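Below are the chains, spelled out letter by letter.
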Amino acid sequence: MTNRTAPAFAPTPGTVRAVLRATAVAACVPYLSLKIAWLAGSHLGIPGSSPLGRDGGSLMAFNALTVLMDAAVIVLALLLTRPWGRRVPAWLLALPTWCATGLLAPIVAVFPAQVLAGMLHSRPAARGGGPGAWLAPWVWTVVYTGFIVQALALVALFAPYARERWGHLWRGPLGALPESPTRSARRLSAGAAAVLTLLPAGMHLLWAAGGTAGLSPARVAAQDLDARLNDAGYVLFAVLTATGVLMLAYGRGGRVPLLVPLVAAWIGSGALACWGGWMTLTALPVPAGDPKLPDPLMSLTYAVQMIVGMLVAVAGAHFFAERGAQRRSDGGPEHPADGAAGGPAGIRPGAVRCD
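All of these numbers come straight from a predicted model, not from anything done at the bench. All chains use their own residue numbering, which begins from 1 and follows the written sequence. Given that this is a predicted model, residues contribute local features only at a pLDDT of at least 70 and side-chain atom pairs are listed and counted only at 80 or more, while totals for whole chains, interfaces and linings are drawn from all residues. Only hydrogens and water are set aside; all other atoms, that is, all heavy atoms of the structure, feed into the side-chain values.

In an α-helix, one full turn covers 3.6 residues, which means residues spaced three or four apart are oriented alike. Along its 31 residues, helix H3 (residues 90–120) runs 45 Å from first to last C-alpha, staying within 8% of the 45 Å computed at 1.5 Å per residue. We define the bend at each residue as the angle formed by axes fitted to the 7 residues ending at it and the 7 residues starting at it. Secondary structure is summarised from DSSP: a helix means a run of H or I of at least four residues, a strand means a run of E of at least two, and numbering begins at the N terminus for each. Of all the bends in H3, the greatest reaches close to 30 degrees and is centred on Leu-104; the proline Pro-106 follows between one and four positions later. The span expected for a helix works out to 1.5 Å for each residue beyond the first.

Only rings of Phe, Tyr and Trp enter the pairing, Trp through its six-membered ring, and a pair is recorded when the two centres are within 6.5 Å. The plane angle decides the type: under 30 degrees is stacked, over 60 is edge-to-face, the rest tilted. This model, assessed by the stated rule, comprises 9 aromatic pairs. Centroid distance Trp-140 to Tyr-144: 5.5 Å. Interplanar angle 85 degrees. Geometry classified as edge-to-face. A residue pair is termed a helical-turn pair when its members lie 3 or 4 positions apart in one helix, as Trp-140 and Tyr-144 do in helix H4 (residues 137–166) at 4 residues. The buried label applies to any residue whose accessible area, calculated with a 1.4 Å probe on protein chains only, is under 20% of its type's maximum; exposed applies above 50%, and partly exposed to all values in between. Given a relative accessible area of 15%, Trp-140 falls into the buried group. Judged by relative accessible area, Tyr-144 falls into the buried class, the value being 12%. Cluster of aromatic residues (ring-pair linked, three or more members): Tyr-31, Phe-111, Trp-140, Tyr-144 and Phe-147.

Okay, a nonpolar patch on the surface next. Patch rule: a residue counts if its relative accessible area is over 30% and it has no salt bridge; like charges are joined within 9 Å, and nonpolar side chains (Val, Leu, Ile, Met, Phe, Trp, Tyr) within 5 Å. The Shrake-Rupley method, run with a 1.4 Å probe sphere, supplies the accessible areas, and residue values consider only the shown protein chains as cover. The salt bridge definition used is simple: a Lys or Arg side-chain nitrogen within 4 Å of an Asp or Glu carboxyl oxygen. Among the surface-exposed residues, Leu-65, Met-69, Leu-281 and Leu-284 lie close enough to one another that they form a single nonpolar patch of about 330 Å² accessible area. For Met-69, the position within the fold is in helix H2 (residues 56–79).

A few words now on the nonpolar core. What we call a nonpolar core is a set of buried Ala, Val, Leu, Ile, Met, Phe, Trp, Tyr and Cys residues that are connected through their side-chain atoms within 4.5 Å. Counting residues in each nonpolar core, the largest one holds 50 residues, and the members touching the most others are Leu-93, Trp-166 and Leu-258. At the level of secondary structure, the elements contributing two or more residues to this core comprise helix H1 (13–39), H2, H3, H4, helix H7 (225–250) and helix H8 (259–283). No other element matches H4, which puts 14 residues into this core. When sequence neighbours within four positions are dropped, the list of residues in contact with Trp-166 reads Ala-90, Leu-93, Phe-158 and Tyr-161. In this structure, Ala-193, Ala-265, Val-308 and Val-312 belong to the second largest nonpolar core, which totals 11 residues. Residues count as neighbours in contact if any of their non-hydrogen atoms are within 4.5 Å of one another.

Attention shifts here to the environment of Leu-240. Mapped onto the elements of the fold, Leu-240 is located in helix H7. Sequence separation between Leu-240 and Pro-261 is 21 residues, and the spatial gap between their C-alpha atoms is 8.4 Å. With residues near it in sequence (within four places) discarded, Leu-240 still touches Ala-264, Ala-265 and Gly-268.

Moving on, we come to the confidence of the model for the protein. Predictor confidence is given residue by residue as pLDDT, running from a minimum of 0 to a maximum of 100. Averaged over all residues, the pLDDT of the protein is 85; the fraction at 70 or higher stands at 85%. Within the protein, no element has a lower average pLDDT than helix H6 (residues 217–221), which sits at 88, and none a higher one than H8, at 96.

A separate point is the pattern of salt bridges. One pass over the full model with this rule turns up 5 salt bridges. Notably, a salt bridge pairs Arg-186 with Glu-322, separated by 3.1 Å at the nearest N-O pair. On the criterion of sequence distance, the pair formed by Arg-186 in helix H5 (residues 183–208) and Glu-322 in helix H9 (residues 296–329) is long-range, its members being 136 residues apart. Put simply, Asp-231 and Arg-219 hold a salt bridge, and the shortest N to O gap is 2.3 Å. A residue pair is termed long-range when its members are at least 10 positions apart, and Asp-231 in helix H7 and Arg-219 in helix H6 qualify at 12 residues.

Structure representation (structure tokens):
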């Protein structure tokens, strides 16, 4: 008989989640520290010629807002790993997670490409510190690296939480979706979202290719490789959004797991809505005649991409509500852990294991 020795150390799910939670919280520290320092009057990492030095009260307001936004990452990390997170209503968890996904996904996708492009072209780190630069290069590197770590930690925490709590709603292939009484409305919404996506996708593609139509004077002056890569990222997220919603509405790709178009629509719509909304919000205090004031076409582009993202989010909420209602009407368990043969020992039906 062969003796099998157990591994000296086998981390439990609770240990892994605790490490991921600590990682997410630690990744917030650099950004929060810088923002709090700026709110206190420090100019750490802000060059003397930076336009930020002339933004006054509006800059203070946006700094305070972004402190709250990054602090929300800490709340999410706790919510996904603590027992009280089980009792949070679905929408109260899903909405901030969708926003966090939308804000962080473009950074995860684009910033490494910017750094790599800078290395290949023998430039400093992405968003370098030339004359008139907003921030010192090290600020972008430290902050965006922290954002990427936050994103990866939140994904690693949210994926098992969502699978345990809502996994039954996306189980199976796309072709197995039952007939829906709202199929016509679902297709109409998907078609509207796809058509509207053409404007932001087309404009960002134009800007990524080096075009300047519709850009503000300040944006034209800053139209470098980093900016073009950023626009290319928005094209990617527009394509993800349109592909995801059309697949869900028309059932194309029958053997594709249902989770694939759902994830595409989730990430794409979040990126379009949140960054479209952020760019629209930051333009509000810009006075007339300022070079940073967006051109009307630029403002329209961001407004439409925000509308597309919100339309997809609302359609997604209806989709999941209908899936839940169908499951209840079919007599199936509301959660995958329900039933005698379902959940692990010691876990009540429908509970999410949080440590």
